[in-house]
Amino acid sequence: MAGADGFVEAENAEAIITRIEHKSRKIESLLKQYKPVEALKTALEGSPPKTGDERCKSANWIVIHRAIMAIKDVDGMLNSLDPEYYDILMKYLYRGLSTGDRPTCDQCLRIHEKLTEKAGLGCILRSLADTANTV
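Residues numbered from 1 in each chain as written. Predicted model: local features only at pLDDT ≥ 70, side-chain atom pairs only at ≥ 80, totals over all residues. Heavy atoms only, no water.

### A look at the environment of Met-77
For Met-77, the position within the fold is in helix α4 (residues 74-80). For Met-77, a relative accessible area of 0% corresponds to the buried category. Here the alpha-carbon distance between Met-77 and Ser-58, two residues 19 residues apart in the chain, equals 24 Å. Contact partners of Met-77, with chain neighbours within four places excluded, come to Val-37, Leu-40, Ile-71, Leu-89 and Ile-111. (Helix = DSSP H or I, 4+ residues; strand = E, 2+ residues; numbered from the N terminus. Buried < 20%, exposed > 50% of the residue type's maximum accessible area, 1.4 Å probe, protein only. Contact = heavy atoms within 4.5 Å.)

Following this line, the structure appears as structure tokens:
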């Protein structure tokens with residue numbers, strides 16, 4: 001029975017990865033059109049994936065990372081981003097900081113500072129306390 005559950009999860013993971021690949025193509029198109037804020041909104045939609053599969057989480061992180069790194073105007077991005085995405089974005093900023101990659105950390109810290117100013121400390125607490133939806 002446990003094997004059957006694992007198989008269902010594997011099928012589910014493949015479906016999630018397919019959706020992430022589709023999302024990735026849409027984001028690349030938006031970035032080519034110089035629409036990084038729209039790309040970030042698209043990347044954050046449906047995130048984090050509702051699975052424990054690390055392949056899905058990694059694939060989704062790659063897509064979101066691409067969008068985060070394209071943001072130049074952080075204030076403009078936050079002004080046009082719906083507040084419902086603040087906590088999700090904060091989670092991904094912490095994931096970016098955990099990579100140790102200098103350019104990624106620099107960008108994540110820039111966004112983190114502005115996001116904390118806009119959304120408050122509660123955003124940090126909610127993103128850290130939410131252990132059910134890990135990224």
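Next comes the rest of the write-up.
### What about the confidence of the model for the chain?
Per-residue pLDDT for the chain has a mean of 90; in total, 92% of the residues score no lower than 70. Across the chain, the element-wise mean pLDDT spans from 79 in helix α1 (residues 2-32) up to 98 in helix α6 (residues 102-119). Every residue in residues 1-8 scores below 50 in pLDDT, and together they form zero contacts with partners more than four places removed in sequence or on other chains. (pLDDT = per-residue confidence, 0-100.)

### Notes on the packing of helix α5 (residues 86-99) against α6
Running from N to C, α5 and α6 point in directions that differ by 150°, and their axes come no closer than 9 Å. Considering the angle they form, α5 stands roughly antiparallel to α6. Seen along the crossing, α5 lies across α6 with a hand that is left-handed. Here α5 contributes Tyr-86, Leu-89, Met-90, Leu-93, Tyr-94, Gly-96, Leu-97 and Thr-99 to the contact with α6, which in turn contributes Thr-104, Cys-105, Cys-108, Leu-109, Ile-111, His-112, Leu-115, Thr-116, Lys-118 and Ala-119. A class-by-class count of the residues in the contact of α5 with α6 yields 12 nonpolar, five polar and one charged. (Axes fitted to C-alpha atoms, helices over the stretch in contact; angles between N-to-C directions. Parallel < 35°, antiparallel > 145°, perpendicular 65-115°, else oblique. Left-handed = near helix turned anticlockwise from the far one by under 90°. Nonpolar A, V, L, I, M, F, W, Y, C, P; charged D, E, K, R; others polar.)

### Focus on the pattern of salt bridges
Taken as a whole and judged by the stated rule, the model has eight salt bridges. Note that Lys-114 is salt-bridged to Asp-75, the shortest N-O span being 3.7 Å. Here Lys-114, found in helix α6, pairs with Asp-75, found in helix α4; they are 39 residues apart in sequence, far enough to count as distant. Assessed through its relative accessible area of 40%, Asp-75 is described here as partly exposed. A single salt-bridge network, built from bridges that share partners, covers Glu-14, Asp-53 and Arg-55. (Salt bridge = Lys/Arg side-chain N within 4 Å of Asp/Glu carboxyl O.)

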